[in-house]
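What follows is the residue order along each chain.
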Amino acid sequence: MTSTVFITGATSGFGEACARRFAQAGWSLVLTGRREERLNALCAELSKETLVHGLVLDVRDRKAMEQAIAGLPPEFDKLTGLINNAGLALGADPAPKCDLDDWDTMVDTNIKGLMYSTRLLLPRLIAHGRGASILNVGSVAGDYPYPGSHVYGGTKAFVKQFSLSLRCDLQGTGVRVTNIEPGLCESEFSLVRFGGDQARYDATYAGAEPLQPQDIAETIFWVLNQPPHVNINSLELMPVSQAWSGFSIHRK
Ligand code: NDP
Ligand code: 8X3
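Residues numbered from 1 in each chain as written. Chains lettered and ligands numbered in written order. Predicted model: local features only at pLDDT ≥ 70, side-chain atom pairs only at ≥ 80, totals over all residues. Heavy atoms only, no water.

I'd like to hear about the pairing of strand β5 (residues 133–137), residue by residue, with values.
The buried fraction of β5 amounts to 5 of the 5 residues, a majority that puts the element mostly inside the structure. Every second residue of β5 is oriented toward a common face, with Ser-133, Leu-135 and Val-137 on one face and Ile-134 and Asn-136 on the other, all of them buried. In terms of handedness, the path from strand β4 (residues 81–84) via helix α4 (residues 100–128) over to β5 forms a crossover that is right-handed. By the bridge criterion, 5 bridges tie β5 to strand β6 (residues 176–182) in an arrangement that is parallel. Counted as the bridge partner of Leu-135 is Thr-178 from β6. (Buried < 20%, exposed > 50% of the residue type's maximum accessible area, 1.4 Å probe, protein only. Helix = DSSP H or I, 4+ residues; strand = E, 2+ residues; numbered from the N terminus. Right-handed = clockwise from strand over helix to strand, strands pointing away. Pairing = 2+ DSSP bridges.)

Shown next as structure tokens:
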């Protein structure tokens, strides 16, 4: 039986790299994202290698998600994998300077969007049963606070706890759950975070030899290809250049 993976946010970064990695191994793909042109181009390219179905979707739109998933062709009745990847950070200013709309967008995308895809696709993962996987893309920001991480870090802490809780609820179904928590990785993530500011993007990665989306895709591919009795609960990875700094103390 062909394996099938549903990837949210496949138009760039980790999602696109995962789409390429799984296509290379012959998996069928359902790819989603808002940017239609990019999605269509990727689907057209990967269709030469494998079965691909593209869904132009905003994960925040619950109705659209319900309709699109209900309308999937019968080949996708059973899913081997769901990669909950779509997400973003907006800004890194201190909390008192932040725009509440940005906070709403992060919660709606990183928490509610992930909730929708998970709940709507659970029946298809359970129909597959043993060997199926949910791979949630969390972040080191869900574990370790840093100045300006506030709501972004909070959304990724949700991803961590939700992943652990799902494990409990899915016991007996054969469906596995993993929270992957990457550190600094070079992708459009930082362009989005800094409102398209190329200089801040460049400064973020300069001299750091950051992780690359292909590193994340390779790790995710490994997780989903573990023997069916093995559940990788969580997996944290960083570039060698990145580590923690100490507590900060404000003195009078
Ligand atoms: P990118 O910006 O390259 O990719 C983000 C993807 O999410 C795009 O495909 C984008 O597609 C999609 N997306 C964003 N908002 C929505 C939405 N409302 N509806 C549907 N799709 C959406 O960043 P990364 O690949 O780096 O990020 C992927 C995930 O990894 C995110 O969850 C991020 O938080 C997380 N992460 C990133 C790290 C990094 O350092 N880069 C480290 C740790 C975690 P489109 O715009 O077309 O909708
Ligand atoms: C993205 C990694 O360190 O910028 O989740 O928060 S970090």
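Additional details are given in the paragraphs that follow.
So what's going on with the environment of Asp-93? Which residues, and what values?
Considering the arrangement of structural elements, one finds Asp-93 in the loop between β4 and α4. Taking relative accessible area as the criterion, Asp-93 reaches 39% and is therefore assigned partly exposed. When the C-alpha atoms of Asp-93 and Gly-195 are compared, they prove to be 12 Å apart, with 102 residues separating the residues in sequence. Apart from the residues within four sequence positions on either side, Asp-93 is in contact with Cys-98, Gly-148 and His-150. (Contact = heavy atoms within 4.5 Å.)

Any chance you could break down the sheet that holds strand β3 (residues 52–56) for me, citing the residues and the numbers?
Strands sit in the order β3-β2-β1-β4-β5-β6-β7 across an open sheet of 7 strands; the sheet is parallel. Two strands bound the open sheet, and with one partner strand each, they are β3 and β7 (234–237). Strand after strand, the sheet turns through a mean of 15° between neighbouring axes, direction not considered. Two strands pair when backbone bridges link them, and strand β1 (residues 4–7) and strand β2 (residues 28–33) are joined in this way by 4 bridges, in the parallel orientation. Each bridged residue has a counterpart across the sheet, and for Val-5 the counterpart in β2 is Leu-29. (Axes fitted to C-alpha atoms, helices over the stretch in contact; angles between N-to-C directions.)

Tell me about the site of ligand 2, residues and numbers included.
Near ligand 2 the following residues occur: Ser-139, Val-140, Ala-141, Tyr-146, Tyr-152, Phe-189 and Arg-193. Relative to its unbound accessible surface of 240 Å², ligand 2 loses 83% to contact with the protein. Looking at the shell around ligand 2 residue by residue, the class counts come to 5 nonpolar, 1 polar and 1 charged. (Near = heavy atom within 4 Å. Areas by Shrake-Rupley, 256 points an atom, 1.4 Å probe, with all protein chains shown as cover. Nonpolar A, V, L, I, M, F, W, Y, C, P; charged D, E, K, R; others polar.)

Could you give an account of the site of ligand 1, with specific residues and numbers?
Surveying the vicinity of ligand 1 reveals 29 residues, the closest of which are Thr-11, Phe-14, Arg-34, Tyr-152 and Ser-187. At 2.9 Å, a side-chain N or O of Asp-58 approaches a nitrogen atom of ligand 1. The fraction of the free accessible surface of ligand 1 (890 Å²) that becomes covered by protein chains is 96%. For the shell around ligand 1, the per-class residue count stands at 11 nonpolar, 12 polar and 6 charged. (Polar contact = N/O pair within 3.5 Å; in protein donor to acceptor, adjacent residues only side chain to side chain.)

Which residues make up the nonpolar core, and what are the values?
Phe-22, Leu-29, Leu-31 and Ile-220 are the most contacted members of the largest nonpolar core, which totals 32 residues. Elements with a contribution of two residues or more to this core: β1, α1 (13–24), β2, α2 (36–46), β5, α8 (213–224) and β7. Apart from the residues within four sequence positions on either side, Leu-31 is in contact with Ile-7, Ala-10, Ala-19, Leu-39, Leu-42, Cys-43, Leu-46, Val-52, His-53, Gly-54 and Leu-55. Within the second largest apolar cluster, 23 residues are counted, among which are Val-59, Leu-79, Ala-86 and Leu-166. (Core = buried A, V, L, I, M, F, W, Y, C linked by side-chain atoms within 4.5 Å.)

Could you give an account of the packing of aromatic side chains, naming the residues involved and the relevant values?
Summed over all chains, the structure comprises 6 aromatic pairs. Between the aromatic rings of Tyr-201 and Tyr-205, the centroid separation amounts to 4.9 Å while the plane-to-plane angle is 75°, which identifies the pairing as edge-to-face. Here Tyr-205 and Tyr-201 lie together in helix α7 (residues 198–205), a separation of 4 residues that amounts to about one turn. Taken together through their ring pairs, the aromatic side chains of Phe-22, Trp-27 and Phe-221 make up a single cluster. The ring of Phe-221 has Arg-21 lying over it, and the distance from NZ or CZ to the ring centre is 3.9 Å. Note that Arg-193 overlies the ring of Tyr-152, its terminal NZ or CZ placed 5.4 Å from the centroid. (Phe/Tyr/Trp six-rings, centres within 6.5 Å; stacked < 30°, edge-to-face > 60°. Lys NZ or Arg CZ within 6 Å of the ring centre and 35° of its normal.)

Can you explain the packing of α4 against helix α5 (residues 150–169)? Please cite residues and give values.
Remark: α4 packs on α5, axes separated minimally by 8 Å, with the N-to-C direction vectors making an angle of 15°. Judged on the interaxial angle alone, α5 and α4 are roughly parallel. Considering the relative orientation of α4 and α5, their crossing is right-handed. For the pair formed by α4 and α5, the contact residues are Trp-103, Met-106, Val-107, Asn-110, Ile-111, Leu-114, Met-115 and Thr-118 on the first element and His-150, Val-151, Tyr-152, Thr-155, Lys-156, Phe-158, Val-159, Phe-162 and Leu-166 on the second. When grouped by side-chain class, the residues that make up the contact of α4 with α5 number 12 nonpolar, 4 polar and 1 charged. (Parallel < 35°, antiparallel > 145°, perpendicular 65-115°, else oblique. Left-handed = near helix turned anticlockwise from the far one by under 90°.)

None of the figures reported here should be taken as evidence of function without further support.
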